[in-house]
Structure formats: C-alpha cells, structure tokens
Amino acid sequence: MQIAQNTVVSMHYTLKDENGEVLDSSAGQEPLVFLSGARNIIEGLDNALQGKAAGDAMQVEVSAEEGYGPVHQELIQKVPRENFQGVDSIEVGMQFMAQTPNGQQPVTVIGVEEDGILLDGNHPLAGKSLSFEVEVVEVREASAEEIEHGHVHGEGGHHH
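Being a predicted model, the structure only gives us computed values, none of them experimental.

## Some thoughts on the sheet that holds strand E8 (residues 116-120)
Argument step 1. Strands sit in the order E5-E8-E7-E6 across an open sheet of 4 strands; the sheet is antiparallel. Looking at which strands have only one partner, the edges of the open sheet turn out to be strand E5 (76-79) and strand E6 (95-100). On average, adjacent strands in this sheet sit at an angle of 45° to one another, irrespective of strand direction.
Argument step 2. As judged from the 6 bridges shared by E6 and strand E7 (residues 103-113), these two strands associate in the antiparallel manner. Note that in E7 the partner of Gln99 across the bridge is Gln104.

Dropping the structure here:
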C-alpha cells in the first residue's frame, strides 16, 4: 500500500539542520506513527512521502516555508525582568510558558539584558531548512475513527 491521505504511516527518521547536525531521530526507538494528511507532521515531509511504500528509504529536504514557517519578528520581544518573579537566574536557551491573548505559548530566552529579557515565541526550527533521512516501515488504511479524530489510535498512536 502507498502513502496517501488518510493512511497510517510508521517510519524511522533522522532530522538534521542546515549544518548537518542531528536534531532528532527515532533510531533505537519505536518508529514515528502518524496519520497522513492530518497535519500530524510538517507539511513538507508529509507531501514528500506521498506515493511511497513500506521499505522505501529516502532523503527529504524541507524548506522553512513547508517546515515550521518563517521567523515572525513580531514574536520576538523584550519584557521586563519583573515578569520572572521567583526565577533567580535567567539564561539564554531557557524556555517558559507565556500567557498570550491566544492562550499559553512557549517562548525561548534569546537575550538577557539590563533593561529586560528578550523572548522568542517562534518555533525553534522556524526559518530553517530541514533534512530528513526516512525509512518507511509500514503503511495501512486508517480506521474511520482515526480519520474522525485526526490521529492514530492503538500501537504507536493515541490511546483514549
């Protein structure tokens, strides 16, 4: 069976950044299981997998636009240090949950300055081209319930 919308895909992957540094991998773990076409994985990777079958291995290059999107400058802002009451030491790379008009959003500290803390609400991989080494392990039809819920159930998937 080939990967198409509403198929359940099991795959092993290694994700590298533009410099070839490994960012994530399923090596030595269970394969990643997802529902194709349900936005369970980034669009560029899902699109590149269409038509592939179990046993296929490939390298997929995903542009920032089809990955985690561009960097949105409006998501980078300086906030007063007083907003971090109870946090003794604030360092670059730390992550916090910020309360926004759209609910909670993860932010990363990208600068610590005398007059405030510089936070970035973009996804850490926004603006980056990504390289995936992928091996398709299994492809099956999704159940009606999986399609309705928008995710995989059972082994490797969601349990209700």
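## Thoughts on the UniProt feature "domain: PPIase FKBP-type" (unreviewed entry) in the protein
Argument step 1. When the UniProt feature table is mapped onto this chain, "domain: PPIase FKBP-type" (unreviewed entry) is found at residues 6-80.
Argument step 2. For residues 6-80, the end-to-end C-alpha separation is 46 Å, with 9% helix and 37% strand making up the annotated structure.

## Some thoughts on the pairing of strand E4 (residues 57-62)
Argument step 1. Residues Met58, Val60 and Val62 line the buried face of E4, whereas the alternating positions Ala57, Gln59 and Glu61 sit on a face that is not buried.
Argument step 2. With 6 bridges joining them, E4 and strand E9 (residues 130-141) adopt antiparallel strand pairing. Across the sheet, Val62 pairs through a bridge with Leu130, a residue of E9.

## Quick word on the nonpolar core
Argument step 1. In this structure, Met11, Leu45, Leu49, Phe132, Val134 and Val136 are the most contacted members of the largest nonpolar core, which totals 19 residues.
Argument step 2. Contributing elements (two or more residues each) for this core: strand E1 (7-16), helix H1 (43-49), E4 and E9.
Argument step 3. At 5 residues, E9 tops the list of elements feeding residues into this core.
Argument step 4. Setting aside anything within four residues of it in sequence, one finds Met11 in contact with Ser26, Pro31, Leu32, Phe34, Leu45, Leu49, Val134, Glu135, Val136 and Val137.
Argument step 5. One finds Phe84, Ile90, Phe96 and Ile117 within the second-largest nonpolar core, a separate group that totals 8 residues.

Thresholds, definitions, all that
Residues numbered from 1 in each chain as written. Predicted model: local features only at pLDDT ≥ 70, side-chain atom pairs only at ≥ 80, totals over all residues. Heavy atoms only, no water. Pairing = 2+ DSSP bridges. Helix = DSSP H or I, 4+ residues; strand = E, 2+ residues; numbered from the N terminus. Axes fitted to C-alpha atoms, helices over the stretch in contact; angles between N-to-C directions. UniProt positions renumbered as here; feature names shortened; annotations may be inferred. Buried < 20%, exposed > 50% of the residue type's maximum accessible area, 1.4 Å probe, protein only. Core = buried A, V, L, I, M, F, W, Y, C linked by side-chain atoms within 4.5 Å. Contact = heavy atoms within 4.5 Å.

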